Amino acid sequence: MALSLYVDTARWRAHQKTVIDQFPGLVPVCKGNGYGFGHERLADEAARFGADMLAVGTTYEAAKIKDWFSGDLLVLTPFRRGEEPVPLPDRVIRSVSSVDGVHGLVGARVVIECMSSMRRHGVHEEDLGRLHAAIEDVRLEGFALHLPLDRPDGTDAVEEVIAWMDRLRAARLPLHTMFVSHLRADEQARLQQQFPQTRFRARIGTRLWLGDHEATDYRGAVLDVTRVAKGDRFGYRQQKAASDGWLVVVAGGTSHGVGLEAPKAMHGVMPRAKGVARAGLATVNRNLSPFVWAGKQRWFAEPPHMQVSILFVPSDAQEPKVGDELVAHLRHTTTQYDRLVER
């Protein structure tokens, strides 16, 4: 019995098509754990809908995915001098975020990242004069801008791209292709209309693969159910049961990513209050699991084990049975499933 990822394939692919239709020239992104689906599956999907390029996170990912995808591979992590060399075919394109990086990739295919308001990495305006000479020694595939998701200051994403287009044009740098991230479809259309000689290519991962939440769900199989009475001791730490109920052993533990939670940016009083409440409960060993039974998320009886979790289901709920499956609210990018089930 397993932690399973169920996929409504027809619905999932219908959503993909909607996104592809909205973003002409889209570059699908396949990085990390393949957004929960795995690299091989997403490479197959990208080939199925005719993508000519697939973006990956690292050179190590490119080395794996090259055997599953025959088109160009764009490595998103910028090149750094001194990095471990990884044998890659000529169809791999490297991202570069400095003039020194361009000089270190003589003869290579490169995309040059520009410093955006993300403030993560990229060339600066003052670098453009030196960059003009440096690109003579590489095969320039285009420039790129990785933009923020939120703009609480009210700034305009399109205006940020236009400002960089103007800088690049003033420096007499080629503007045949601009790779962009986190633009809306209407924003990309505005840019394409204003700069008809430039091809804008959106790099999209989350919106493409995970944009329809109803197309997928995780489920953990019930492996064992044990009745306990209030005060009974159980588990590794021999805690006492707070009330009568059942200890439910369900597939899905730390090796699957259960119990892992990425930090979240909280806005507003209510989300912060809920965060404080969760932290307070955790200090008395009360942690809400991602598993749902009888319409409610159930509490961990104790911290998740490596491959299973033990939940507490109170006696006022229906008793789970071995073989039942519990829906699990898990984050795709941190979850490793045992099996994928097509529906």
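Residues numbered from 1 in each chain as written. Predicted model: local features only at pLDDT ≥ 70, side-chain atom pairs only at ≥ 80, totals over all residues. Heavy atoms only, no water.

A. Highlighting the overall build of the chain. Across its full length, the chain carries 9 helices and 18 strands. Long-range pairs, those at least 24 residues apart, make up 67% of the contacts in the chain with a sequence separation of at least 6. Carbon and sulfur atoms provide 52% of the accessible area of the chain, an area that totals close to 17400 Å². Taken as two groups, the 44 positive and 42 negative side-chain charges of the chain have centres that lie 4 Å from each other. (Helix = DSSP H or I, 4+ residues; strand = E, 2+ residues; numbered from the N terminus. Contact = heavy atoms within 4.5 Å. Areas by Shrake-Rupley, 256 points an atom, 1.4 Å probe, with all protein chains shown as cover. Lys, Arg positive; Asp, Glu negative; His and termini not counted. Charge placed at Lys NZ, Arg CZ, Asp CG, Glu CD.)

B. Structural context of helix α6 (residues 157-170). Counted at 1.5 Å a residue, the expected span for α6 with its 14 residues is 20 Å, and the 20 Å between its end C-alpha atoms agrees. Along α6, the residues classified as buried are A157, V158, E160, V161, I162, W164, M165 and L168. Tucked inside the fold, the buried residues of α6 contact β6 (109-114), α5 (128-134), β7 (139-146), β8 (177-181), α7 (185-194) and β9 (199-204). (Expected span 1.5 Å × (residues − 1). Buried < 20%, exposed > 50% of the residue type's maximum accessible area, 1.4 Å probe, protein only.)

C. Focus on the packing of helix α1 (residues 9-22) against helix α2 (residues 39-48). Closest axis-to-axis distance for the α1/α2 pair is 12 Å, and the angle between their directions is 60 degrees. Of the possible angle classes, the one that applies to α1 and α2 is oblique. Where α1 crosses over α2, the handedness of that crossing is right-handed. The segment α1 lies against α2, with T9, W12, R13 and Q16 engaging R41, L42, E45 and R48. Counted by class, the contact of α1 with α2 contains 2 nonpolar, 2 polar and 4 charged residues. (Axes fitted to C-alpha atoms, helices over the stretch in contact; angles between N-to-C directions. Parallel < 35°, antiparallel > 145°, perpendicular 65-115°, else oblique. Left-handed = near helix turned anticlockwise from the far one by under 90°. Nonpolar A, V, L, I, M, F, W, Y, C, P; charged D, E, K, R; others polar.)

D. Representation of the layout of surface pockets in the model. Taken as a whole, the second largest pocket holds about 440 Å³ of empty space. L210, H213, L330, R331 and H332 are the residues nearest the centre of the second largest pocket, which is lined by 14 residues in total. Of all the secondary-structure elements, those providing two or more residues to the lining of the second largest pocket are α8 (206-210), β10 (216-228) and β17 (325-328). (1 Å grid on protein atoms, 1.4 Å probe; cavity = no way out; pocket = protein on both sides within 12 Å on 5 of 7 lines; lining within 4 Å. Points joined across faces, edges and corners; volume = space filled by probe spheres on them.)

E. Quick look at the confidence of the model for the chain. Here the chain shows a mean pLDDT of 93. Residues at 70 or above account for 92%. Low pLDDT, under 50, characterises residues 272-284; the stretch is placed with 7 contacts to residues that sit more than four places away or in other chains. (pLDDT = per-residue confidence, 0-100.)

F. Quick look at the sheet that holds strand β4 (residues 72-75). An order of β2-β9-β8-β7-β6-β5-β4-β3 is seen for the 8 strands of this open sheet, with the pairing classed as parallel. Edge positions in the sheet fall to β2 (27-28) and β3 (53-56), since each has one partner strand and no second. Relative to strand β5 (residues 92-96), β4 runs parallel, the two sharing 3 bridges. By the bridge assignment, L74 is partnered in β5 with I93. (Pairing = 2+ DSSP bridges.)

G. A look at unusual backbone geometry. At R119, a residue that is not glycine, the phi angle is positive and equals roughly 60 degrees. For R119, the position within the fold is in the loop between β6 and α5. For R119, a relative accessible area of 64% gives the class exposed.

H. Expanded view of the environment of S181. Within the secondary structure, S181 sits in strand β8. Those residues in contact with S181 that sit more than four places away from it in its chain are L145, H146, L147 and R203. Among the polar contacts made by the side chain of S181, one reaches the side chain of R203 at a distance of 3.1 Å. (Polar contact = N/O pair within 3.5 Å; in protein donor to acceptor, adjacent residues only side chain to side chain.)

I. Fine view of the pairing of β9. With 5 of 6 residues buried, β9 is to be regarded as a mostly interior element. Two strands pair when backbone bridges link them, and β2 and β9 are joined in this way by 2 bridges, in the parallel orientation. Bridge pairing links V27 to R203 in β9. Across 4 bridges, the pairing between β8 and β9 is parallel. What sits directly across from M178, in β9, is F200. Between β8 and its parallel partner β9, the chain crosses via α7, and the hand of that crossover is right-handed. (Right-handed = clockwise from strand over helix to strand, strands pointing away.)

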